[in-house]
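# Structural features, examined
Take a look at the letters that make up each chain.
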Amino acid sequence: MPFFQCDSCLKIFEWDRVKVKKCPNCNKKCTFNEVTNYTTDNGGPGNIDPRLMKK
Ligand SMILES: [Zn+2]
């Protein structure tokens, strides 16, 4: 499952993007940025890539 980070609360969720209607944490329609790691750096595929995360 890919990881997504909410643009508003910066919380990370692991889910299938198609199912996402709103952020369970903010309870509103937020923008989600995928932060899944597909390279072999930083833990390898299937993990969260810290470089893609918004701080
Ligand atoms: Zn949120």
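Let us look at the structure shown here. (Residues numbered from 1 in each chain as written. Predicted model: local features only at pLDDT ≥ 70, side-chain atom pairs only at ≥ 80, totals over all residues. Heavy atoms only, no water.)

## Remarks on the side chain of Asn37
Summarising the element assignment, Asn37 is placed in strand β4 (residues 36–37). Setting aside anything within four residues of it in sequence, one finds Asn37 in contact with Asn42, Gly43, Gly44, Pro45, Gly46, Asn47, Ile48 and Asp49. (Helix = DSSP H or I, 4+ residues; strand = E, 2+ residues; numbered from the N terminus. Contact = heavy atoms within 4.5 Å.)

## With respect to the pairing of strand β1 (residues 3–6)
Along β1, one buried face is formed by Phe3 and Gln5 and the opposite face, lined by Phe4 and Cys6, is buried too. Taken together, the three bridges between β1 and strand β2 (residues 12–14) define a ladder with antiparallel strand orientation. Looking across to β2, one finds that Gln5 is bridged to Ile12. The antiparallel pairing of β1 with β2 creates a hairpin that spans five residues between the two strands, and Leu10 there sits at a positive phi of about 65°. When β1 meets strand β3 (residues 32–34), the two strands line up antiparallel, connected through three bridges. Paired with Cys6 across the two strands is Phe32, which belongs to β3. (Buried < 20%, exposed > 50% of the residue type's maximum accessible area, 1.4 Å probe, protein only. Pairing = 2+ DSSP bridges.)

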